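Fold and geometry: a report
The primary structure of each chain is shown beneath.
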Amino acid sequence: MKLGVKSKFISNGLLQNFSALALLVLAGCSDLGFQGGVIPTNFNGIKTLQAISPESFQLYWDPYPGSSQYKVYVADLNDPISRPTFNTFITPPAGKPDDSGYYSFSVTAIDPVTGLDQGSRSNYGKVKLLDRFNFTGANGSVDPLPASPATRHAIRVNWNGKPTVNYQVYVTERLASGAVNYNFLASNASVLGQGSVEIEGLIAGREYCALVVANYLDGTRDGPNGQKLTSPLSSLLVGPGGGFADSVAISSQHCARTVADQGFDSIVKGSHIYVQKASLSNFPQFFAQVFQDTTQDGQGTVRVSIYKVDPVTNLGTLIGSSLGTGKISSNQPLPASKYKFFAMFEDVATGAQEKKEVVVGTTNPVEVDETQRPWVYVRGLGGNTPDSGNYPSKQQGGIGSQKIGSSVAVGDFNCDGSADIAVGLPDSIDTLSDNRPARIGRVAIYYDVTNVNSISATTRSQIISFDISDLYPEGRDLQLGTGLFVGNFNQDTLSTNNPPVVPDTNLNKPFACDDLAIASGYGPLFVLYGKRDTNGIPNGGLNYLGPKSFVTNPSAPCSPSTGICQPSMYKYKSITDPVSKAVSLVKLGKAMTSGDYDGDGYPDLAVSSSASTGVWVLRGSEYGLIAPTAYTDTHGLNETLETSSGPGHQSFPYIPGYSTSPASSAGWADGLGFGASLGTLHNAYYDYVSNAVKNTQRIRDVLLIGSSSYQQTAVADNRVGRVFACLPKTQANGAAFADDSAQSLAWDCNHFIDP
């Protein structure tokens, strides 16, 4: 087929060369005074006018004797748009089309003797551009053809063809997993001006998918999705999300399964695959009942393979297979969650394949199609043990004390209106590279807990751990989960998360994807952001990406445009010894609270340290939590920071606990017990966005900081304590609060509660 197309292009080139040669001969004859009626003396204008692409037209006319220049006109312009020297011309649209979309062209010839125009300019031809080629939906199809000795098994690929367009057809087999791999280095067929082609020599019962690309005579081409193709063909395989699942190929291709061998088709239709609705083990088991095979000896002629379906891409991952009738166990442990599966039958002798849906339960073997595929629940977390359930007593084999329940928090991390429970296990043990057990710690998330007396109500969990040993070798004993706090710091609520039509009021609050702050025994504070499940697929929840996937002290962990947030680690170093300048990480998270302290509509997160030296306030924004700025106090405690403020938002300053007097800018207390407790007084302070005009009132929350060992007098043992009430301010002297709520330069803690 390619040779046929190629020879067509060669013929066009020879025609042009021949036309040019003919013009030279004619010109010579004219100079010699050639007489006779063989050469016409009238110029009739355009002979052929056609669209050759969605962007170009091709004009052709009979040569005028001796002429080496022509004029091409459009209806609404006085001057010619071009003066070609040959009798073939390709041009983009010129002038204005009429109401029906037609463009008008005419051609005159310049007489080589008189120099006058020959032919009528008003002899216009009309033409419309070609529509963009489209293979999607009803514009294309793939049909299986009856098997024959000549063609074996074949398919026909169909599209809306145009006479001047060359079409390249790409065909690939859909793998049992559902994946397709197109080879754009070589097309399976190339045809000119046709609207279908047959692809022969395929395997019986296999599914094949096709894409078609249009190549135009002007050198442009269209992809299968009705768009001009400006990138390599391989770009069709990668979508905006970086994968095949959202690519042009997956949305444009058409697929069909070749006709199955009758005997194998009968076997598949008489067979069934069973699985229980719920598995207490991480290794769910399936039972294949192959038609007319009752031996269960593993020697059958039909291979049955089980695939786990990815809820996002809808592709399958092979988890187990067997020959003939018998039990199939998953070859990999599946975390507690809900899954969908399908089976693939393969004739070992011929290679023919057919997909088969899994029957959930054995009482009523009624199969459904893949759009109604039921969920199968896996409840085990501790291995292949029947009593592992969904609430593990220990993690990682139960090494160490675990300290399950050192912290507990409740939120809605997948924004579905049902309660999710976070449980800290700070002493959960792991074994690192040198085989020494490390108290790395973990946090277990149990999603959608509606009834604590019914394990079956919870079908999904998540285990979170972080590894910072590459940054701090001694940080291997991270002890993640010493403290937990739930908030919604980037305010992703109903408007940004496409809530369900009928909301559940289980949490007695509007839907919001809560975020989780996690304290650790070693020092750093981690923040994970919630995300909504989409279309009923359990792909939401906390944005945990792995133990080493996090950003440090970020200024903008979230993207408001995409809604994607990065797991964040906030860490601060202190000079613990002013003489030796020894540095250690501050242990953040002794106490945590949240409130909108600057009145910008985003909750902020206040965090104190176990050393009770000060309070850090991470500013809430549409970009997530913004790390506070650095501060150096009079005692030489240098709280360093490795980032700048976020886009359009200034960071909050650090609130120091040391001072020589309560009102000193160096600090608000003597450092002993400052931040021992934190709280928020909500809706407690009113001011104005503009103090000068006072036209917009703003309501703000007040941060309460407990200083349990505050010394009010010079008497050494008179440490009766104090509670400070703090607000951010714009000027160091506290003269005015910020006109712009995004600007806060200091904290005013001059208000306090004494016993």
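To be clear, the structure that these remarks concern was listed above.
Okay, so let's go over this structure. (Residues numbered from 1 in each chain as written. Predicted model: local features only at pLDDT ≥ 70, side-chain atom pairs only at ≥ 80, totals over all residues. Heavy atoms only, no water.)

Another point: the environment of glutamine 118. Of note, glutamine 118 is situated in strand 6 (residues 117–118). Between the C-alpha atom of glutamine 118 and that of tyrosine 70, which follows or precedes it by 48 residues, the distance is 9.2 Å. (Helix = DSSP H or I, 4+ residues; strand = E, 2+ residues; numbered from the N terminus.)

The strand order across the open sheet built from 5 strands is 33-34-35-37-36, with neighbouring strands paired in mixed fashion. Among the strands making up the open sheet, the edge pair consists of strand 33 (480–487) and strand 36 (551–552). (Pairing = 2+ DSSP bridges.)

For the rest of this paragraph, the subject is unusual backbone geometry. Even without being a glycine, glutamine 479 presents a positive backbone phi close to 55°. Structurally, glutamine 479 is set in the loop between strand 32 (460–464) and strand 33. The backbone of asparagine 553 sits at a positive phi, close to 45°, despite the residue not being glycine. Looking at the element boundaries, asparagine 553 is found in the loop between strand 36 and strand 37 (568–570).

The next thing to look at is the packing of aromatic side chains. Overall, the coordinates contain 20 aromatic pairs when judged by the stated rule. Of the aromatic side chains, those joined through ring pairs into one cluster are Phe43, Trp61, Tyr64 and Tyr70. Note that lysine 338 overlies the ring of tryptophan 375, its terminal NZ or CZ placed 4.7 Å from the centroid. Cation over ring: arginine 722 sits above phenylalanine 752, and NZ or CZ is 3.6 Å from the ring centre. (Phe/Tyr/Trp six-rings, centres within 6.5 Å; stacked < 30°, edge-to-face > 60°. Lys NZ or Arg CZ within 6 Å of the ring centre and 35° of its normal.)

Our focus in this paragraph is the pattern of salt bridges. Taken as a whole and judged by the stated rule, the model has 16 salt bridges. Its salt-bridge partner being lysine 71, residue aspartate 117 comes within 3.4 Å of it at the nearest N-O pair. In this pair, aspartate 117 sits in strand 6 while lysine 71 sits in strand 3 (residues 70–74), placing the two residues 46 residues apart along the sequence. Judged by relative accessible area, which is 33%, aspartate 117 ranks as partly exposed. Through salt bridges that share partners, Glu55, Arg132, Asp222 and Lys228 make up one connected network. (Salt bridge = Lys/Arg side-chain N within 4 Å of Asp/Glu carboxyl O. Buried < 20%, exposed > 50% of the residue type's maximum accessible area, 1.4 Å probe, protein only.)

Take the state of the cysteines next. Per the stated rule, a full pass over the model turns up 3 disulfides. Between the sulfur of cysteine 209 and that of cysteine 255 lies a disulfide, 2.0 Å long from S to S. On the S-S bond that ties cysteine 209 to cysteine 255, the torsion sits near 105°, and the link is right-handed. Residue cysteine 209 is found in strand 13 (residues 207–215), and its partner cysteine 255 is found in strand 15 (residues 254–257); the two are separated by 46 residues along the sequence. With relative accessibility at 0%, the residue cysteine 209 sits in the buried group. Residue cysteine 255 is classed as partly exposed on the basis of its relative accessible area of 26%. Between the sulfur atoms of cysteine 558 and its disulfide partner cysteine 565 the distance amounts to 2.1 Å. As the torsion about the S-S bond is roughly 110°, the cysteine 558-cysteine 565 disulfide counts as right-handed. Residues cysteine 558 and cysteine 565 agree in their burial class; the two are buried. With its disulfide-bonded cysteines labelled consecutively along the sequence, the protein is connected as 1-2, 3-4, 5-6. (Disulfide = S-S within 2.5 Å.)

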